[in-house]
There are 2 protein chains.
Amino acid sequence: MALTRQDVLAAAVAILDEYGLADLSMRRLGDALGVRAGALYHHVPNKQTLLAWIADGVLASVPRPAAPWRPGLAAWAADLRAALLAHRDSAELVASARAMGLAENDAAADAAALLGAAGLPAPDAAAAASTLVHFVLGHVVQEQARLEWERFGKPDPDRAPTATQASFTLGVGLILDGIAAHLPR
Amino acid sequence: MALTRQDVLAAAVAILDEYGLADLSMRRLGDALGVRAGALYHHVPNKQTLLAWIADGVLASVPRPAAPWRPGLAAWAADLRAALLAHRDSAELVASARAMGLAENDAAADAAALLGAAGLPAPDAAAAASTLVHFVLGHVVQEQARLEWERFGKPDPDRAPTATQASFTLGVGLILDGIAAHLPR
DNA sequence: ACCTGAACACCGTTCAAGT
DNA sequence: ACCTGAACACCGTTCAAGT
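What counts and what doesn't
Residues numbered from 1 in each chain as written. Chains lettered and ligands numbered in written order. Predicted model: local features only at pLDDT ≥ 70, side-chain atom pairs only at ≥ 80, totals over all residues. Heavy atoms only, no water. Helix = DSSP H or I, 4+ residues; strand = E, 2+ residues; numbered from the N terminus. Buried < 20%, exposed > 50% of the residue type's maximum accessible area, 1.4 Å probe, protein only. Contact = heavy atoms within 4.5 Å. Areas by Shrake-Rupley, 256 points an atom, 1.4 Å probe, with all protein chains shown as cover. Lys, Arg positive; Asp, Glu negative; His and termini not counted. Charge placed at Lys NZ, Arg CZ, Asp CG, Glu CD. Near = heavy atom within 4 Å. Polar contact = N/O pair within 3.5 Å; in protein donor to acceptor, adjacent residues only side chain to side chain.

Caption draft 1: Local environment of the overall build of chain A. For chain A, the helix and strand inventory stands at eight helices and zero strands. If you list the helices and strands of chain A from N to C, you get α-α-α-α-α-α-α-α. Counting only C-alpha atoms and orienting by the principal axes, one finds that chain A spans roughly 60 × 40 × 25 Å. Out of the 185 residues in chain A, the part that is buried amounts to 46%. Partitioning the intrachain contacts of chain A with sequence separation of at least 6 by distance along the chain shows that 70% fall at a separation of at least 24. By element, 57% of the accessible surface of chain A is carried by carbon and sulfur atoms, the whole surface being about 9100 Å². Taking the average location of the 15 positive side-chain charges in chain A and that of its 19 negative ones, the two points are 2 Å from each other.

Caption draft 2: Representation of the protein's contact with DNA strand C in the model. Looking at DNA strand C, there are 17 residues lining it, with R36(A), H42(A), R27(B), Y41(B) and K47(B) nearest. The sugar-phosphate portion of DNA strand C accounts for 54% of its atoms within 4 Å of the protein, the bases making up the rest. Within the backbone of M26(B), one N or O atom sits 2.9 Å away from a phosphate oxygen of DNA strand C. One of the side-chain N or O atoms of Y41(B) is found 2.4 Å from a phosphate oxygen in DNA strand C.

Caption draft 3: Here's a closer look at the protein's contact with DNA strand D. Among the 17 residues in the neighbourhood of DNA strand D, the closest are listed as R27(A), Y41(A), K47(A), R36(B) and H42(B). When atoms of DNA strand D within 4 Å of the protein are sorted by moiety, sugar and phosphate together comprise 56%. Within the side chain of H42(B), a nitrogen or oxygen atom sits 3.3 Å from a base nitrogen of DNA strand D.

Given below as structure tokens:
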């Protein structure tokens, strides 16, 4: 049977989860599917786009934020972090795809809309939403880099998982407090 | 005359500024210095470390934040952004080096100390400082990716430089307001 | 339409051998 | 000590040729 775009995507995610982004090459992906690397180009325009599709899949798994804005965005930030942590190196993947403008899923748009509905002027709402997204991505990129490092290095004891969780909650709280200060009271 | 570590670093920065991170290869760097790629390994342990040195150089050019904390951190965030914008693709470079734990310069430490002196408990100060750093890096990564894209693509008109500047100021203000809400009053 | 085989133009890194 | 020449083990992508 001929290969499907979905097969390629699924195999790519499997390699990502098991071996990490550095080991996700077109040749290796071809091997996993029993096909030459060149054959993949019948199903995917290029590697960059394939990675963007994976990023979109991760983002699509995040429930949209719901009113009221404050607990809604707190839960959304936690959901986004959880979705990223569910796939190895995916924070870097998503950050790259977003930076290159290849991610279809605009993660910040829903959050900005929620804040707009809560009374924040549009430019502030967009800036606030992207601040939150930058923080979550930056934080999880750091977390996953540490995980990669621990995977075959010394597990440095000075930063426990509880501390990284706590600093995430603190950072989100900080940003939400900043948003609250900008809302009409 | 024999090559110096400083020569290698300077040539690497020159290639980065002129051709971008994607074109900064050991072979190309060797060409620029009139030497084979293999010879570079007498002066640099590996490419990753070379990139980390460049990142540290960029960070070292940022003036340390000074009291009082609020205008001090606002100026510091702007200085950090300016230092990053001064070298092509350097935000991604710094973000990667930091994530891999290779950057000697801990950009957030001074900011955290400043906030500690202002009365913020240590864990909050560290979280606040790293929130600010994540935001600045994330924002400039996005800015520079857009610049790369415009360098040989369509200059999309829907996001002017003034808008990106404004959203930076808004994001920083948001975070500083969040910090203020956490300080003893 | 889908895939193979083979190539093209690259990578980072190592290392014997020369000076 | 520093560098060359050459290799090793890879990359992403293209494309004539087969089915």
